[in-house]
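# Commentary on secondary and tertiary structure
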Amino acid sequence: MKKQLILIFFFVLFCYIVSDTIEAKAGEKNSLFEYETKSLGNGTCRITEIRIKKDKGISMLRVPNTINGEIVVSIGPGMIDEKNEDRILQNVFLLSTYADHGNPYKYQKDWHYKLRSWYYKPSHDQQKIRAMKIKKIILPDCITEIKEDCFAMLKGLKKIKLPKNLTVIGHNSFAGTPNLKTIHLRANVKDGVINMAKTGFPWKSFTISSQNPYYKMKKGCILSKNGRIFYSPAKIKDIRIPDSVTTIEQRTFYNCTIKSLYLGARVKKVKTNALCTKNRCHITLSPLNPYLAKSVQCIYYKKNKEIIAGIPKKRILKISNRIKVINNDGFSIVGMTPPLRKLYIPKSVKKLPPNWNTLLHWGNTGCKIYYKNKLLS
């Protein structure tokens, strides 16, 4: 009898060790996922990390409303690189750098994995493989904020349900998710929408609730609710700015690949780098526009002859003699790839801005800049 009890004890212990139902530090018993959280006070918390405990059955992640008695109001590691706003740091699974997740991973199950010990955590490569298996994410309505890079690099993700009370979306939250079929923004979303859209619109469908008081969609593009500000284009090649638009927001077409762009009759303000497209494209202006004009390779303001954008040809840009002003913010380059080889600034520009050698967008590409036909050093 004593031997039988001992055998039963070791059998139960063995089953417990090898089972996949270890209770998470900050999660639910029998859950496939383990959550690390940070208390925000007032009975609320932020999910800072999600660890995946299994290889199978993890195609859907349903984030809980509460963890350890605290209401989940935020999700994501919340890390941001102030020196480079376009760099992806870590997502909520603590996977870092976009390039690091492009290839399939093969791994050997280490002794931690085999023993299912109390201290078991998936190795980094195991975590990568498991995270890529997630196809659907459902977030509870109590979440109001998605932090920077939160769901970036999840290449297997096809669908995500955003919370009704979501108001803030961090930078690059959905970058590197090419299989995500649709994004629908609910009525309360305000902050971060434009940065999210500027990750390149990889989704087949992008919609905004008609009840949203800040934004609306028109012909697949994001506008302000009153239709006066153009924020971001959708995944279309021929773009026509509506006549209701008066302002094109900063970096609107940055690194976009488009064929043609039509600027409407009421556009009177084009902000910094707004027309910096990835490729050279054809730009036309409404003949009824009283604010903007176009020469062969330049778009400029009629009133003060300040250049807005340059359209290079064969990597050479010759600024028109009609241009008199280049401001301290420089101007957009319509076709940044490949970079310019030569830039000619005419004598009609009486004075160069003090930062002339850095305000142009080519860095150390070897572009030669000529002013009044003399090469600047």
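Below, the structure is looked at part by part.

Parameters at a glance
- Residues numbered from 1 in each chain as written.
- Predicted model: local features only at pLDDT ≥ 70, side-chain atom pairs only at ≥ 80, totals over all residues.
- Heavy atoms only, no water.
- Pairing = 2+ DSSP bridges.
- Helix = DSSP H or I, 4+ residues; strand = E, 2+ residues; numbered from the N terminus.
- Patch = residues over 30% accessible without salt bridge, like charges linked within 9 Å, V, L, I, M, F, W, Y side chains within 5 Å.
- Areas by Shrake-Rupley, 256 points an atom, 1.4 Å probe, with all protein chains shown as cover.
- Salt bridge = Lys/Arg side-chain N within 4 Å of Asp/Glu carboxyl O.
- Lys, Arg positive; Asp, Glu negative; His and termini not counted.
- Charge placed at Lys NZ, Arg CZ, Asp CG, Glu CD.
- Buried < 20%, exposed > 50% of the residue type's maximum accessible area, 1.4 Å probe, protein only.
- Core = buried A, V, L, I, M, F, W, Y, C linked by side-chain atoms within 4.5 Å.

Take the sheet that holds strand 26 (residues 368-371) next. Taken together, four strands build an open sheet; the order of strands is 23-25-26-27 and the sheet is mixed. Either end of the sheet is taken by a strand with one partner, and the two such strands are strand 23 (316-318) and strand 27 (374-375). The pairing of strand 26 with strand 27 spans two bridges and is antiparallel. Counted as the bridge partner of Tyr370 is Leu375 from strand 27.

A cluster of basic side chains, namely Lys324, Lys347, Lys350, Lys372 and Lys374, defines a positive patch on the protein surface. With relative accessibility at 52%, the residue Lys324 sits in the exposed group.

Bringing unusual backbone geometry into the picture now. For the peptide bond that leads from Thr337 to Pro338, omega is -5°, which places it in the cis range. Position of Pro338 among the secondary structure elements: in the loop between strand 24 (332-333) and strand 25 (342-345). Positive phi, normally seen in glycine, also occurs at Asn172, with a value near 60°. Residue position: Asn172 is located in the loop between strand 9 (168-169) and strand 10 (182-185). By relative accessible area, which is 7% here, Asn172 ends up buried. Even without glycine at this site, Asn373 takes up a positive phi of about 70°. One can find Asn373 in the loop between strand 26 and strand 27. For Asn373, a relative accessible area of 70% corresponds to the exposed category.

The subject of this paragraph is the nonpolar core. Side chains of nonpolar character tend, in soluble globular proteins, to be buried together. With 42 residues, the main nonpolar core has Ile75, Phe93, Leu139, Phe151, Phe174 and Leu185 as its most contacted residues. Core analysis: the second largest hydrophobic core is formed by 26 residues, Phe230, Ile258, Val270 and Ala274 among them.

Among the six residues that make up strand 5 (residues 70-75), five are buried, leaving the element largely enclosed by the rest of the structure. Pairing geometry for strand 2 (residues 44-52) and strand 5, over four bridges, is parallel. Within strand 5, the residue paired with Arg46 across the bridge is Ser74. The pairing of strand 4 (residues 66-67) with strand 5 spans two bridges and is antiparallel. Along strand 5, the bridge assignment pairs Thr66 with Ile71. Following strand 4, the chain reverses through two residues before pairing antiparallel with strand 5; Asn68 in that reversal takes a positive phi of roughly 55°. As paired elements, strand 5 and strand 7 (residues 145-146) share two bridges and run parallel to each other. Counterpart to Ile75 in the pairing with strand 7 is Ile146.

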